[in-house]
Amino acid sequence: MAMMTYREALRDAMSEEMRRDKSVLLMGEEVADYQGAYKCSQGMVQEFGPARVVDTPIAELGFTGIAVGAAMAGLRPIVEYMTWNFAMLATDHIINSAAKTLYMSGGKVGCPIVFRGLNGIAAHVAAQHSQDFASWYMNIPGLKVIAPSNAADAKGLLKAAIRDNAPVVCLEHEVLYGLSGEVPEGDDFVLPIGKANVTHAGTDVTLIAYSMMAVKALEAANILEKEGISVEVLDLRSLRPLDNEAIVKSVSKTHKAIVLEETWASAGVGAEVMAVISDNCWDELDAPVVRMSQLDVPLPYASNLETLCVPQVDDIVREIRKMLGK
């Protein structure tokens, strides 16, 4: 085990896979000479050279199209977006080309590619830079979608994504980039896509979350543990495929569930999770499932209003106490 930050774990995952497989390359805005907009590719151009760590123009539609074509031709590109907000410009290539090529070619043309970058609310950067796109990409057949909440998951899942023959969307979180944690060392540390993880075992209620909300859920669980309230935290990690079995198992144990997400409730990840619970755990529930999400407004720039719009740890703690009648 080694202590490293989330961004260092991402860098190690990319570097290890580039050493292992010469067809892997990284491309995006400022990934090379500037060492990455968020320093996730620090030192990589020095090791692998500008032919495999490629600075691109500020033109997401253009360089995403180049990367998708390269993947169809046999390379394994990693495309870094400075933020998934900017990737909105490239959704035609991600959805209509990368996600659908294998199906529409009758299995003859694959597209092994990773699209990665920060997702969710980056503190105080206003509505156009503070959006969680998880449900967008989770809705698309042909894509896999991961959203790691800690350094170990970031490394293990990104390595799996790079090796996968399907296009994978990796949703990172800027606020987590500096978060440190223990990460297994070695090239063989690869986590399976499609498997959730219980980060805190409990018996009274299940918190189901991903990315930043999984961190807040764990913090809430630790606070309530001191009060004798046993909270289970299920970190989804993978949103497509979703680990329905893990959701059903946890809710069947605790008989109560709260779903957390850092985006709007309408047609969100939480809605899908609640459908899974409704379909499979109806007779197991002792209370209605609660969904906690961002208020249905574009996120304000002002710090105090931003805080009010998004579930905080205190809000989660209060909702759990309310559900349990405490």
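An account of the accompanying structure is given in this report. Remember, it's a predicted structure, so these values are computed and weren't measured experimentally.

1. Some remarks on the environment of Lys155
- Position of Lys155 among the secondary structure elements: in helix H7 (residues 151–163).
- Separated by 93 residues in the primary sequence, Lys155 and Val248 have C-alpha atoms spaced 27 Å apart.
- Among all residues touching Lys155, those that are not within four sequence positions of it are Ala9, Asp12, Ala13, Glu16, Val183, Pro184, Glu185, Gly186 and Phe189.

2. Re the nonpolar core
- Residues Trp84, Phe115, Leu236 and Ile247 are the most contacted members of the largest nonpolar core, which totals 45 residues.
- Counting residues per element, this core draws most heavily on helix H10 (residues 269–281), at five residues.
- When near neighbours in sequence (up to four residues on either side) are disregarded, Ile247 contacts Ile208, Leu234, Leu236, Leu242, Val273, Val276 and Ile277.
- In this structure, Ile78, Ala154, Ala160 and Ala161 belong to the second largest nonpolar core, which totals 38 residues.

3. Things to note about unusual backbone geometry
- The residue after Arg240, namely Pro241, is reached through a cis peptide bond having omega 0°.
- Summarising the element assignment, Pro241 is placed in the loop between strand E14 (238–240) and helix H9 (244–254).
- You will see that His124, though not glycine, has its phi angle at about 60°, which is positive.
- Even without glycine at this site, Ala267 takes up a positive phi of about 55°.

4. A look at the side chain of Asp243
- Checked against the element boundaries, Asp243 lands in the loop between E14 and H9.
- At 3.2 Å, the side chain of Asp243 and the backbone nitrogen of Ala246 are in polar contact.

5. Considering the environment of Arg237
- Relative to the assigned elements, Arg237 resides in the loop between strand E13 (231–235) and E14.
- Here Lys195 takes part through its backbone oxygen, which lies 3.1 Å from a polar atom of the side chain of Arg237.

6. Focus on empty space enclosed by the protein
- A full pass over the atoms with the stated rule returns two cavities of 30 Å³ or more.
- Looking at the largest cavity, its volume works out to about 50 Å³.
- As for the largest cavity, its lining consists of Asn119, Gly120, Asp132, His173, Tyr210, Ser211, Met212, Met213 and Glu262.
- Split into classes, the residues belonging to the lining of the largest cavity amount to three nonpolar, four polar and two charged.
- If you add up the space inside the second largest cavity, you get close to 40 Å³.
- Lining the second largest cavity are Tyr38, Lys39, Cys40, Glu80, Tyr81, Arg116, Gly117 and Tyr177.
- Elements represented by at least two residues in the lining of the second largest cavity include exactly strand E4 (76–81) and strand E5 (114–118).

7. Overview of the pattern of salt bridges
- Within this structure, the stated rule accounts for 14 salt bridges.
- Among the salt bridges present, the one from Glu16 reaches Lys159, with a minimum N-O distance of 2.9 Å. On the criterion of sequence distance, the pair formed by Glu16 in helix H1 (residues 6–20) and Lys159 in helix H7 is long-range, its members being 143 residues apart. Neither residue differs from the other here; Glu16 and Lys159 are each classed as buried.
- One salt bridge in this structure joins Arg20 and Glu17, with 2.9 Å as the shortest N-O distance. Taken as a pair, Arg20 and Glu17 lie in helix H1 at a separation of three residues, close to a single helical turn.
- Arg20 gets classed as partly exposed once you look at its relative accessible area, which sits at 46%.
- Look at the salt bridges and you will find they share partners, linking Glu16, Glu17, Arg20, Lys155, Lys159 and Arg163 into a network.

Definitions and cut-offs
- All chains use their own residue numbering, which begins from 1 and follows the written sequence.
- Restriction of local features to residues with pLDDT of at least 70 applies here, the model being predicted, together with a cutoff of 80 or more for giving and counting side-chain atom pairs; totals for whole chains, interfaces and linings are based on all residues.
- Heavy atoms throughout the structure, all of them, feed into the side-chain values; hydrogens and water do not.
- Working definition: helices are DSSP H or I runs of at least four residues, strands are E runs of at least two. Numbering for both runs from the N terminus.
- By definition, residues are in contact when any of their heavy atoms lie within 4.5 Å.
- What we call a nonpolar core is a set of buried Ala, Val, Leu, Ile, Met, Phe, Trp, Tyr and Cys residues that are connected through their side-chain atoms within 4.5 Å.
- For each residue, the accessible area found with a 1.4 Å probe, counting protein chains only, is set against the maximum for its type, and the residue is called buried under 20%, exposed over 50%, and partly exposed in between.
- A 3.5 Å cut-off defines polar contacts: any pair of N or O atoms within that distance qualifies, except that in protein one atom must be a possible hydrogen donor and the other a possible acceptor, and neighbouring residues in sequence count only when both atoms are side-chain atoms.
- Of the grid points, spaced at 1 Å and generated over the protein atoms alone, those admitting a 1.4 Å probe that cannot get out make up cavities, while open sets with protein on both sides within 12 Å along at least five of seven lines make up pockets; any residue with an atom within 4 Å of a point is treated as lining.
- Grid points are joined across faces, edges and corners, and a volume is the space filled by probe spheres set on the points.
- Three residue categories are used. Nonpolar comprises Ala, Val, Leu, Ile, Met, Phe, Trp, Tyr, Cys and Pro, charged comprises Asp, Glu, Lys and Arg, and polar comprises the others, including Gly.
- Any Lys or Arg side-chain nitrogen located within 4 Å of an Asp or Glu carboxyl oxygen qualifies as a salt bridge.

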